[in-house]
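Listed here are the chains, written in short residue letters.
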Amino acid sequence: WNHLADEGFEFYMFDDLTAIDYISNTFGERERKAFLKCTHPAMRCDYLRMCFILKEGGLYVDADDVLIGDGWRKLFSNPKLKVQPMCYDLHTQSMVPATKLWMSDLSISDHIFYINNDPIAAPPGHPVLELALNRATETLLSGNSLLDIQSTTGPGNFTAAFAAHARYLELNDLPVDFELLKDWE
């Protein structure tokens, strides 16, 4: 990813302390308290990425994602949110490869479909990120001691926000402001 600096990209990396500072200074006490309730490093990473991309826009990728070629350019071809759909096969208890996800005969009864929160490419202020952040914040501050990463800050939370936003656009006859990435593998 480092060679993208030549393309004008800036890179941001945070630890817990710089993340708390960023969230406090950019959002406020409510979000700072929610971040402090994230009991696992993955939760803190999930929460920070929502805050950062909501405010700054840009691209989030996990540290283990490898950049191959120049396919990243399509992520910035328009100002839509770009996300990766994923699918879990209940029978094999494994992820469905992206190449098979788009097959017309993939049954919905044997699979769990969701939106991954890696990668995320978005303009600042995208409504899905705002919904996801607000949902995670409310859940974290609810006092529920049975919080799991997936549904609180991870892909389950992101999928719920994405679905709510897609429904809102459909009900209000508004244009789609997101794209599903078909080849992020």
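Values in this document were obtained by computation on a predicted structure and should not be read as measured data.

Here the focus is the pattern of salt bridges. In this structure the tally under the stated criterion is 6 salt bridges. Note that arginine 32 is salt-bridged to glutamate 29, the shortest N-O span being 2.7 Å. With arginine 32 and glutamate 29 both in helix H2 (residues 29–36) and 3 residues apart, this pair spans about one turn of that helix. Among the salt bridges present, the one from glutamate 31 reaches arginine 30, with a minimum N-O distance of 3.7 Å. Among the charged side chains, a network of salt bridges with common partners joins Arg30, Glu31 and Glu138.

Bringing helix H7 (residues 155–171) into the picture now. For H7, spanning 17 residues, the distance from its first C-alpha to its last is 24 Å, which sits close to the expected 24 Å at 1.5 Å a residue. Regarding H7, the residues found buried are Pro155, Gly156, Asn157, Phe158, Thr159, Ala161, Phe162, His165 and Leu169. Elements in contact with the buried residues of H7: helix H3 (41–56), strand S2 (81–89), strand S4 (111–122), helix H5 (127–141), helix H6 (149–152) and strand S5 (178–180). Looking one or two places after H7, you find aspartate 173, whose phi comes out positive at around 50 degrees.

What follows concerns H5. An ideal rise of 1.5 Å per residue puts 21 Å on 15 residues; H5 measures up with 21 Å between its terminal C-alpha atoms. Contact partners of the buried residues in H5: H2, H3, S2, S4, H6 and H7.

In this structure, the largest pocket occupies an estimated 1000 Å³ of space. Lining the largest pocket are 32 residues, with Tyr12, Met13, Leu59, Tyr60 and Val61 sitting closest to its centre. Within the residue set of the lining of the largest pocket, elements represented by two or more residues are helix H1 (16–26), H3 and strand S1 (58–60). Considered class by class, the residues forming the lining of the largest pocket number 21 nonpolar, 2 polar and 9 charged.

Thresholds applied
Residues numbered from 1 in each chain as written. Predicted model: local features only at pLDDT ≥ 70, side-chain atom pairs only at ≥ 80, totals over all residues. Heavy atoms only, no water. Salt bridge = Lys/Arg side-chain N within 4 Å of Asp/Glu carboxyl O. Helix = DSSP H or I, 4+ residues; strand = E, 2+ residues; numbered from the N terminus. Expected span 1.5 Å × (residues − 1). Buried < 20%, exposed > 50% of the residue type's maximum accessible area, 1.4 Å probe, protein only. Contact = heavy atoms within 4.5 Å. 1 Å grid on protein atoms, 1.4 Å probe; cavity = no way out; pocket = protein on both sides within 12 Å on 5 of 7 lines; lining within 4 Å. Points joined across faces, edges and corners; volume = space filled by probe spheres on them. Nonpolar A, V, L, I, M, F, W, Y, C, P; charged D, E, K, R; others polar.

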